[in-house]
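Below are the chains, spelled out letter by letter.
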Amino acid sequence: MQNKYNWPLWHWHLELSSICTLACPRCSRTEVKEGLVQTSLTLDFIKNNFTPEMLQYVNRISLCGYDGDPIYCKDFLSIVEYFKQAKPTIELYIVTNGSYKTKIWWENLKQILNEHDQIHWSIDGWDQKSNEQYRINSNWDSILIGLDVMSNSNVYKTWDFIYFAHNYHGVDAVTELAKQYNFDQLRLTKSTKFTGKYGFKDNLEPPKEYVSSSDRFENELVYLSNRAEPKTSYKQALSIYEQTSPIDDIIPLCKIGSKGLFINSQGYLFPCCWIVHRYDVKNYLSFLTEDININKVGIETALNSSKWDRFIDTIPTNKICNMKCKSNLISKDVVGRW
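Colleague: I'd love a proper account of the overall build of the protein chain, names of residues and values included.
Modeller: Within the protein chain, the secondary structure is distributed over 15 helices and nine strands. At 19 Å, the protein chain has a C-alpha radius of gyration in line with the 20 Å of a compact globule built from 338 residues. C-alpha extents for the protein chain along the principal axes are approximately 50 × 45 × 40 Å. In the protein chain, buried positions account for 56% of the 338 residues. For the protein chain, the computed accessible surface area is about 14800 Å², with 48% contributed by carbon and sulfur atoms. In the protein chain, the 38 positive side-chain charges and the 39 negative ones have mean positions that sit 2 Å from each other.

Below is the structure:
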């Protein structure tokens, strides 16, 4: 696969869908309507671009939306099946709120996935009332169906919990539920989206000790089993990191692969999911040029767009790069996780 900019191909982050059934107050789809296009990638798109030739280089695929939830992609099961049939050892990392899918749907997914894969359920409560305080329109009964079906699978299971004013005291209840459904770990997250970060304060904000003090979400892992998280692929990230020299004072994770090269639901290629976001709508829309639209030009041409010359030149002064990838923020621990 020709790739003159030496983008690391081992890890991709695909937004299979920008569609979601929820209306979370801090989600981009809720806060920034302008620029939102609700669409999904198709099985044909995946087959045409992630060919057997490309998949020789790919060891990990993260399926997590920026605006949406991957499970609402019409072709989700077919896409997952394609990846696992083409390369059974590929590591799929699925992030979902888990609502509104049937028992049969979850059983089908269970049959496709294997021990190399993991699912992260984004659940911020311990029942319908507590979860829907933030996960508005979520459906607790259907979430539990998925948890029950997957409870005896060999997929690695993580419960992702964000601290809010209404739930920070409920960690014990969440932990007990996670144990009941055989989760491997609980990830407790301090969010950045509170006072001083986005310029507002409301009834979602928890006490200060439960708010991120940096420009990243801060996580504490609670291990509930003795299973190792499937991330053999990250050995490549560590190897690349050890050979990477800073660009001025930036160690760009996009050149290492930790976050994965990002393709949004419209088929546009980005160095990572951070670099262009819809909160800066003007910049976001200006970035969406045909030369990086994989639907128009194909994945190889998008990887080799001259746009990347200009992007790499601006890394030292890029606001997002300075916020996320300053050399003092990048370590083996950071490089070794998504």
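On we go.
Colleague: Outline the packing of helix α5 (residues 103–112) against helix α7 (residues 140–150), supporting the account with residue identities and numerical values.
Modeller: Contact pair α5 / α7: the axes reach a minimum separation of 9 Å and the direction vectors enclose 35°. Pair α5 / α7 crosses with right-handed handedness. The residues of α7 that touch α5, namely those facing K103, W106, E107 and K110, are S142, I145, G146, V149 and M150. Looking at the contact of α5 with α7 residue by residue, the class counts come to four nonpolar, two polar and three charged.

Colleague: Explain the packing of aromatic side chains to me, using residue names and the numbers behind them.
Modeller: Tallying each qualifying case throughout the model produces 19 aromatic pairs. Both rings, one in W7 and one in W308, keep their centres 5.6 Å apart while their planes meet at 85°; by these two values the pair is edge-to-face. Here W308 lies in helix α13 (residues 307–314) and W7 lies in the segment before β1 (11–14), a separation of 301 residues in the sequence. In terms of burial, W7 and W308 fall into one category: buried. Here Y134 and F164 contribute two aromatic rings whose centre-to-centre distance is 4.4 Å and whose plane-to-plane angle is 25°, an arrangement assigned as stacked. Separated by 30 residues along the polypeptide, Y134 in the loop between α6 (128–131) and α7 and F164 in the loop between β5 (156–162) and α8 (171–180) bring together distant segments of the chain. Each member of the pair Y134 and F164 is classed as buried. Cluster of aromatic residues (ring-pair linked, three or more members): W7, F262, F270, F287, W308 and F311. Just above the ring of W7 sits the side chain of K255; from NZ or CZ to the centre is 4.8 Å.

Colleague: I'd like a description of unusual backbone geometry, backed by residues and values.
Modeller: The phi dihedral of N6 falls on the positive side, at around 55°, and the residue is not glycine. Summarising the element assignment, N6 is placed in the segment before β1. Overall, N6 belongs to the exposed group, its relative accessible area being 61%. Even without being glycine, N137 reaches a positive phi, approximately 80°. Here N137 is to be found in the loop between α6 and α7. Its relative accessible area of 40% is what places N137 among the partly exposed residues.

Here is what the cut-offs are and how they apply
Residues numbered from 1 in each chain as written. Predicted model: local features only at pLDDT ≥ 70, side-chain atom pairs only at ≥ 80, totals over all residues. Heavy atoms only, no water. Helix = DSSP H or I, 4+ residues; strand = E, 2+ residues; numbered from the N terminus. Rg over C-alpha atoms; globule rule 2.2 N^0.38 Å. Buried < 20%, exposed > 50% of the residue type's maximum accessible area, 1.4 Å probe, protein only. Areas by Shrake-Rupley, 256 points an atom, 1.4 Å probe, with all protein chains shown as cover. Lys, Arg positive; Asp, Glu negative; His and termini not counted. Charge placed at Lys NZ, Arg CZ, Asp CG, Glu CD. Axes fitted to C-alpha atoms, helices over the stretch in contact; angles between N-to-C directions. Left-handed = near helix turned anticlockwise from the far one by under 90°. Contact = heavy atoms within 4.5 Å. Nonpolar A, V, L, I, M, F, W, Y, C, P; charged D, E, K, R; others polar. Phe/Tyr/Trp six-rings, centres within 6.5 Å; stacked < 30°, edge-to-face > 60°. Lys NZ or Arg CZ within 6 Å of the ring centre and 35° of its normal.

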